[in-house]
Amino acid sequence: MDRFDAMQAFARVVETGSFTRAAETLQLSRTTVTQLVQQLEARLRLRLLNRTTRRVSVTAEGAACYARVVRLLADLEEVESGLAEAAAQPRGRLRIDVPSPFAQLLLVPALPDFHARYPDIQLDIGVSDREVDVIADHVDCVIRGGTPADPALVARPLGTLAFRFLASPEYLQRHGTPGHPHELDGPQQHLVGFLSPRTGRRRVFMVRRGEEQVPVQGRHWLALDEGSAYLAAGLAGLGVVVLPSYMADPHVARGALVPVLADWQLPGMPMQLMFPPNRHMSHRLRVFIDWVVEVLTPGAGA
């Protein structure tokens, strides 16, 4: 038995909650992963996992073993990374998940610079607004706006998104220009709803003008849960939208969107890069994080 492979297989089963998903992330067969875990249990003379047809759970002994195994694997990776870093550029695969508009407008256009600096790093980027389980999905890091869904994750701030109300000229011609946020709840206006990927509920915006503070949910007939589609709804004249400046500015410049309620201030949204706290940060992940902070933070805060 290769003890390293067995410990890695056991740790991945614990993290994903499944022999099948562990096998997929390790690029091994399910049978091989099962055998490795069984061999580790036989060597330790402990039952580490409870298995049923529907789920895998960790025994008390398995939880204690997992904590020590994670530390051992991290120490070994640190030794290997240190030796590799001393001899070569960072290399290997990174799995990242980012929101669709952030990917299209900020991250992907900047990637030629990253590839020129680190040609041996392979980026596998998931593009979505859904909530990602960083550990279970075996993702190295995610970029998201707002408060982290998992407070256990380490968060690296990337700046704050500034938001504003906008609408297309065609929409304003049909419905008129709102002069107060309360009008967005009235019969003449529509506010395109944005559904939280976490809760499925429409977001409520708390807006302020001087000492006056108003909650805005808005009357709507359309709600979306993905940023690029939400922008498309605004451009199509389907209602007033609330967009960060980096998404809105190009369309405002060409006249496709018009700011409304400009004297009302919307709260900003912090953007953060998040990664697991108990996993050794590889050299490739460290340079990616540093690059994102260096290159993309100014754009995120525009």
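Before going into details, it helps to say that this report is about the structure given with it. (Residues numbered from 1 in each chain as written. Predicted model: local features only at pLDDT ≥ 70, side-chain atom pairs only at ≥ 80, totals over all residues. Heavy atoms only, no water.)

1. Observations concerning the overall build of the chain
What counts is decided by this rule: Counting from the N terminus, the helices are DSSP H or I runs at least four residues long and the strands are E runs at least two residues long. Throughout, a residue-residue contact means that at least one pair of heavy atoms, one from each residue, lies within 4.5 Å. For this count, His and the chain ends are skipped, Lys and Arg are scored as positive, and Asp and Glu as negative. For the purpose of locating charges, the reference atoms are NZ of Lys, CZ of Arg, CG of Asp and CD of Glu.
Counting its regular elements, the chain contains 9 helices and 14 strands. The principal-axis extents of the C-alpha atoms in the chain amount to approximately 75 × 45 × 35 Å. Partitioning the intrachain contacts of the chain with sequence separation of at least 6 by distance along the chain shows that 74% fall at a separation of at least 24. Charge centroids of the chain, computed over 32 positive and 32 negative side chains, lie 6 Å from each other.

2. Considerations on the sheet that holds strand β4 (residues 121-127)
Operational definition: A pair of strands is labelled paired if DSSP reports no fewer than 2 bridges between them. Helix axes are fitted to C-alpha atoms over the stretch in contact, other axes to C-alpha atoms as well, and angles between N-to-C directions run from 0 to 180 degrees.
Read across the open sheet, the 5 strands follow the order β4-β3-β5-β14-β6; overall the sheet is mixed. The sheet is open, and its two borders are formed by β4 and β6 (154-161), each paired with just one other strand. Looking at each pair of strands side by side, their axes are set apart by 20 degrees on average, direction ignored. One ladder, built from 7 bridges, connects β6 with strand β14 (residues 269-275); its direction is antiparallel. The residue bridging Thr160 from the neighbouring strand is Pro270, located in β14. The strands touched by helix α5 (residues 100-117) are β3 (92-98), β4, β5 (141-145) and β14; relative to β4, the strand with the most contacts, the crossing angle is about 170 degrees.

3. Focus on the pattern of salt bridges
Under the convention used in this document: Salt bridges are defined by distance alone: a side-chain nitrogen of Lys or Arg within 4 Å of a carboxyl oxygen of Asp or Glu. Note on classification: 1.4 Å probe, protein chains only; a residue is buried when its accessible area is under 20% of the maximum for its type, exposed when over 50%, partly exposed between these limits.
This model, assessed by the stated rule, comprises 11 salt bridges. Here Arg93 ties to Asp124 by a salt bridge, and the two come within 2.6 Å at their closest N and O atoms. With Arg93 in strand β3 and Asp124 in strand β4, the pair connects residues that are 31 residues apart, well separated along the chain. Classification of Asp124 as partly exposed rests on a relative accessible area of 26%. A salt bridge links Arg156 to Asp290; the shortest N-O distance between them is 3.6 Å. Of the two residues, Arg156 sits in strand β6 while Asp290 sits in helix α9 (residues 283-300), which places them 134 residues apart along the sequence. Within this structure, Asp113, Arg117 and Glu294 form a network of salt bridges that share partners.

4. Observations regarding helix α1 (residues 3-16)
In plain terms, the rule: Here the expected span of a helix is defined as 1.5 Å times the quantity of residues minus one. Here a polar contact is recorded for every N or O atom pair within 3.5 Å, except that within protein the pair must consist of a potential hydrogen donor and a potential acceptor, and residues adjacent in sequence are included only if both atoms are side-chain atoms.
With 14 residues, α1 extends 20 Å between its outermost C-alpha atoms, agreeing within 8% with the 20 Å of an ideal straight helix rising 1.5 Å per residue. All buried positions along α1 are accounted for by Ala6, Met7, Ala9, Phe10, Ala11, Arg12, Val13, Glu15 and Thr16. One side-chain oxygen at the N-terminal end of α1 lies 3.0 Å from the backbone nitrogen of Phe4; it belongs to Asp2. Looking one or two places after α1, you find Gly17, whose phi comes out positive at around 75 degrees.

5. A look at the nonpolar core
One recurring pattern in soluble globular proteins is that nonpolar side chains are buried together. The test is simple: The set of buried Ala, Val, Leu, Ile, Met, Phe, Trp, Tyr and Cys residues whose side-chain atoms join them within 4.5 Å is what this entry labels a nonpolar core.
Phe102, Phe165, Leu243, Leu273, Phe288 and Trp291 are the most contacted members of the largest nonpolar core, which totals 56 residues. Dropping the residues within four chain positions of it, Phe165 is found in contact with Leu184, Val207, Val240, Val241, Val242, Val258, Pro259, Val260, Leu261 and Leu266. By size, the runner-up hydrophobic cluster in this structure holds 20 residues, among which are Ala6, Phe10, Ala23 and Leu73.

6. A few points about the packing of α1 against helix α3 (residues 30-44)
Rules: What sets the label is the angle itself: under 35 degrees gives roughly parallel, over 145 gives roughly antiparallel, 65 to 115 gives roughly perpendicular, and the rest give oblique. Each residue is assigned to one of three groups, with Ala, Val, Leu, Ile, Met, Phe, Trp, Tyr, Cys and Pro labelled nonpolar, Asp, Glu, Lys and Arg labelled charged, and all others, Gly among them, labelled polar.
With their axes 8 Å apart at the nearest point, α1 and α3 run at an angle of 110 degrees to one another. Overall, the two elements α1 and α3 adopt an arrangement that is roughly perpendicular. Residue-level inspection shows Arg3, Asp5, Ala6, Met7, Ala9, Phe10 and Val13 of α1 in contact with α3, the latter providing Val33, Leu36, Val37, Leu40 and Arg43. Per-class residue counts for the contact of α1 with α3 are 9 nonpolar, no polar and 3 charged.

7. Describing the sheet that holds strand β13 (residues 258-260)
The antiparallel open sheet is built from 3 strands, whose spatial order is β12-β7-β13. Each edge of the open sheet carries a strand with a single partner, namely β12 (241-244) and β13. Taken over all neighbouring pairs, the strand axes of this sheet differ in orientation by 55 degrees on average, direction set aside. In the sheet, strand β7 (residues 163-167) pairs with β13 via 3 bridges, with the strands oriented antiparallel. Directly across from Phe165, in β13, lies its bridge partner Val260.

8. A few points about α3
Basically, it comes down to this: For this quantity, the arc is that covered by the directions from the helix axis to the C-beta atoms.
In this model, α3 (15 residues) spans 21 Å end to end at C-alpha, consistent with the 21 Å of a helix rising 1.5 Å per residue. Three or more residues of α3 are buried, namely Val33, Thr34, Leu36, Val37, Leu40 and Glu41. Across the axial projection of α3, the buried residues extend over an arc of 160 degrees, all falling on one side. Residues Thr31, Ala42 and Arg43 are exposed on α3 and point more than 90 degrees away from its buried face. Those residues of α3 that are buried lie in contact with α1, α2 (19-26) and β1 (49-51).

9. Some points on unusual backbone geometry
Leave glycine aside and you will find that most residues have negative phi; peptide bonds, for their part, are mostly trans. Positive phi, close to 60 degrees, is recorded for Gln27, a residue that is not glycine. Within the fold, Gln27 resides in the loop between α2 and α3. Although it is not a glycine, Arg45 adopts a positive phi angle of roughly 55 degrees. Residue placement: Arg45 occurs in the loop between α3 and β1. By relative accessible area, Arg45 is classed as exposed at 77%.

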